[in-house]
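Structural overview
The chain contents come next:
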Amino acid sequence: MIIDRKKLKGGISLIGFFSLAFGSMIGVGWVTGIGNWFSSAGPMGAIIAFGLAGIFMALIGLCYAEVTSMIPVAGGEVAYAYKAFGVSKSFIIGWFLAFGYLSVSAFEAISVGKVLGYLVPGLDIFPLYSVGGDQVFASHLLLALVFTGIITAVNYYGPKYAVRVQIWLTYLFLTAVLLFVGAGLIFGDWSNLSPMFAHTDFIDSSAGIISVFITAPFWFVGFDTIPQAAEEAGAGIAAKNLGRIIVVSILASAVFYVLLILSTSLASPWESTIQGTLPAAAAFDHLFSNAWLPDIILIAALLGLFTSWNGFFLAGSRVLFALGRGRLISKTFGKVDEKYSTPSVAILFTGGFTLLSSFLGRGAMVAFVDVGSLCIAMAFLGVSLSFLKLRKDYPNLERPYQVKHPKLVGYIAAAGSVFILGALLIPASPLSLVWPLEWGIFGGITLLAIIFWYSGKKERDSLPEEDRKYLILEKY
């Protein structure tokens, strides 16, 4: 083979992969999101919703586990869709997945000023302008610049450094979580769970549970960072174990969310908790009537913010790299730094997009959540369908991790993804994208996709398909 296939440097351990996935999933959104879960479904309704969401995401995770072990290359979904459906569908899935990750990265860049503002009062200084009714402060933009620069640098210098940071941040996060979740379970009052549901009748209670369940892609997304970095696995790591780590990380996150909901609702009557700006911190402040435990929660949130940010930054850059290496977009994105063996252009682009997005401020946080969930749900559907197609067309392909009852798993995963997409896209749905900001962001991403697709046509068409197969799939 004459064509040069740029490869990324390996070195990620199994603990590193688990930290990458779990750390990306737990994030920071639960600090404020738990108030919406309680108001929509009540504590027991929220627990049921996250239990069901964990099962659903585990089914999607099983699809990922099998195809990741089959084709362990960077930008996983790009490769799976290419082998199953060809160039155009591979581009669509890869593009929207990349910007789903970048939306989360933008969310974290905006969040860092908000969370630090609670920990260090007085950071909201030098107001510049407002977006969606929320003020954008120069101090927050400076924080976004500093931390985006740090995240970009850590990823540029190699996965070994990015994952080492991820492991330590995950350890610290779990230590903080054990403190306040354990305190709630031990010292909380079980009578605070009453009423267990936000609504008294069955229909409204079910609707509340469904409204929480639909947000599953945002709360659980992150396990799919493993396929993005699969090519960078350390020597001796079996492909089968990558599949196992995907499923384990999903189940661990489901346990985290359920215990978080339970301990917070035990700490304080949930109907009063939801009135606070930070419901989780307010609940434990009520339980102990002192400042240190709420501060522990904010520290945990900050650690979760960085684990999520680092994981999605790495994943987004790898998807863009895979698209560039396969000439689905400009080959510039497939460049690898000669010294550090990292996707240099893709990393710098990810950092630039993250920083520019932070200028939209807190008024755009919900918009990035909703648009990111939509983009990621599209990728989940693509992987579910790729999983089914590869099972049908390549039954004899080596599968180190094999799913039992593949048709049942694949069809349920695909149907669930379609259900979530419908809830976000159908205008009549109460969870549909909001005009103009959310539709504007999604429209901008779609317009960029069209521009990148047609501007790369000449370069894409000039590459023989056999060479593209090698660039995207290598020996797989």
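In this text the structure is predicted, and so the values were computed from the model without any measurement. (Residues numbered from 1 in each chain as written. Predicted model: local features only at pLDDT ≥ 70, side-chain atom pairs only at ≥ 80, totals over all residues. Heavy atoms only, no water.)

**Quick look at the overall build of the chain**
What counts is decided by this rule: Comment: elements are numbered from the N terminus, with helices defined as DSSP H or I runs of at least four residues and strands as E runs of at least two. This radius of gyration counts C-alpha atoms alone. The globule rule is 2.2 Å times how many residues there are, raised to the power 0.38. Residue burial is assigned from relative accessible area. The probe radius is 1.4 Å, only protein chains are included, and a residue is buried under 20% of its type maximum, exposed over 50%, and partly exposed in between. Contact definition: two residues touch when any of their heavy atoms are within 4.5 Å. Throughout, the Shrake-Rupley method with a 1.4 Å probe supplies accessible areas, and for residues the shown protein chains are the sole cover considered. As used throughout, the charge tally considers Lys and Arg to be positive and Asp and Glu to be negative, leaving His and the chain termini uncounted. Working definition for charges: the position is that of NZ of Lys, CZ of Arg, CG of Asp or CD of Glu.
Tallying secondary structure elements over the chain gives 19 helices and two strands in all. In summary, the chain has a C-alpha radius of gyration of 22 Å against a globular reference of 23 Å for 476 residues, a match within 12%. If you line up the chain on its principal axes, its C-alpha atoms span 70 × 55 × 45 Å. Relative to its 476 residues, the chain shows a buried fraction of 59%. Of the contacts made within the chain by residues no fewer than 6 positions apart, 84% connect residues no fewer than 24 positions apart. Split by element, the accessible area of the chain, about 18700 Å² in all, is 67% carbon and sulfur. Charged side chains in the chain number 30 positive and 27 negative. The centres of these two groups are separated by 13 Å.

**Remarks on a nonpolar patch on the surface**
Rules: Two joining distances apply to patches: 9 Å for like charges and 5 Å for nonpolar side chains (Val, Leu, Ile, Met, Phe, Trp, Tyr), and every residue must have over 30% relative accessible area and no salt bridge. Salt bridges are defined by distance alone: a side-chain nitrogen of Lys or Arg within 4 Å of a carboxyl oxygen of Asp or Glu.
There is a patch of nonpolar side chains on the surface, built from L185, I186, F187, V255 and L259 and spanning about 460 Å² of accessible area. Contributions of two or more residues to the nonpolar patch are made by α6 (159-187) and α10 (239-267). Residue contributions to the nonpolar patch peak at three residues, all from α6. With respect to the helices and strands, F187 occurs in helix α6.

**Structural notes on unusual backbone geometry**
The amide bond that connects S194 to the next residue, P195, takes the cis arrangement and shows omega of -5°. With respect to the helices and strands, P195 occurs in the loop between α6 and α7 (202-213). Residue P436 is bonded to the preceding W435 through a cis peptide linkage, with omega at 5°. Of note, P436 is situated in the loop between α16 (406-425) and α17 (437-455). A positive phi is found at R327, a non-glycine position, where the angle reads about 60°. Note on R327: relative accessible area 17%, which makes it buried.

**Considering the side chain of S205**
Mapped onto the secondary structure, S205 falls in helix α7. By relative accessible area, which is 11% here, S205 ends up buried.

**Some points on the confidence of the model for the chain**
Note the threshold: pLDDT is a residue-level measure of predictor confidence that goes from 0 to 100.
Scored by pLDDT, the chain comes out at a mean of 85, with 96% of its residues at no less than 70. Per-element mean pLDDT across the chain ranges from 75 in helix α8 (residues 216-220) up to 93 in helix α14 (residues 344-357).

**Brief notes about the side chain of R399**
Going by this rule: Whenever two N or O atoms come within 3.5 Å, that pair is a polar contact, provided that in protein one can donate a hydrogen and the other can accept it, and provided that, for residues adjacent in sequence, both atoms are side-chain atoms.
Here R399 shows up in the loop between α15 (365-393) and α16. Judged by its relative accessible area of 7%, R399 is buried. Among the polar contacts listed, one links the side chain of R399 to the side chain of E66, at a separation of 3.0 Å. A polar atom in the side chain of R399 sits 3.4 Å from the backbone oxygen of P395. Setting aside chain neighbours within four positions, we find R399 in contact with E66, S69, M70, L390, R391 and Y394.

**Digging into the pairing of strand β1 (residues 127-131)**
The condition that has to hold: Following DSSP output, two strands are said to pair if at least two bridges run between them.
Across four bridges, the pairing between β1 and strand β2 (residues 134-137) is antiparallel. Its bridge partner lying in β2, V131 is registered against D134. Here β1 hands over to β2 after two residues, with G132 in that stretch at a positive phi of 60°.

**Section: the nonpolar core**
Our working definition: For the purposes of this section, nonpolar cores are sets of buried Ala, Val, Leu, Ile, Met, Phe, Trp, Tyr and Cys residues that join through side-chain atoms within 4.5 Å.
Grouped together as the largest cluster of nonpolar side chains are 162 residues, with contacts concentrated most on W30, W37, W95, F180 and F220. With 22 residues, helix α2 (residues 30-70) is the largest single contributor of residues to this core. Dropping the residues within four chain positions of it, F220 is found in contact with M25, F50, A53, G54, M57, I250, S253, A254 and Y257.

**Let's talk about the environment of A301**
Locating A301 in the fold gives a position in helix α13 (residues 292-325). The exposure class of A301 is buried, given its relative accessible area of 0%. In this structure, the C-alpha to C-alpha distance between A301 and V177, residues 124 residues apart in sequence, is 9.3 Å. Here A301 is in contact with G27, V28, W30 and V31, once residues within four sequence places are set aside.

**Considering the pattern of salt bridges**
Using the criterion set out here, one finds six salt bridges in the structure. In this structure, K389 engages D393 in a salt bridge whose closest nitrogen and oxygen atoms are separated by 2.4 Å. Separated by four residues within a single helix, K389 and D393 lie in helix α15, roughly one turn from each other. On the basis of relative accessible area, K389 is assigned to the partly exposed category, the value being 27%. Of the residues examined, D393 reaches a relative accessible area of 36% and is grouped as partly exposed.

**Notes on α16**
Filter applied, for reference: To estimate the expected span of a helix, subtract one from its residue number and multiply by 1.5 Å.
Here α16 is 20 residues long and its end C-alpha atoms lie 28 Å apart, about the 28 Å a rise of 1.5 Å per residue gives. Among the residues of α16, those classed as buried are P406, V409, G410, A413, A414, G416, S417, I420, L421, G422, A423 and L424.

**Description of the packing of aromatic side chains**
Definition in use: We call Phe, Tyr and Trp rings a pair once their centres come within 6.5 Å, taking the six-membered ring for Trp, and we label the pair stacked below 30 degrees between planes, edge-to-face above 60, and tilted otherwise. Here, a charge over a ring is recorded when the distance from Lys NZ or Arg CZ to the ring centre is within 6 Å and its angle to the ring normal is within 35 degrees.
Overall, the coordinates contain 28 aromatic pairs when judged by the stated rule. With centroids separated by 6.1 Å and ring planes inclined at 40°, the aromatic side chains of F50 and F220 adopt a geometry described as tilted. With a gap of 170 residues between them, F50 in helix α2 and F220 in helix α8 connect regions that are remote in the sequence. Residue class for F220 comes out buried when judged on its relative accessible area of 0%. Between F50 and Y257, the aromatic rings sit 5.0 Å apart at their centres with planes inclined by 35°, giving tilted as the arrangement. Of the two residues, F50 is situated in helix α2 and Y257 in helix α10; the sequence distance between them amounts to 207 residues. Side by side, F50 and Y257 carry an identical accessibility label, which is buried. In textbook terms, an aromatic cluster arises when at least three aromatic residues are bridged by ring pairs, as seen for F91, W95, F99, F333, F349, F353, F452 and W453. The ring of W453 has R460 lying over it, and the distance from NZ or CZ to the ring centre is 3.5 Å.

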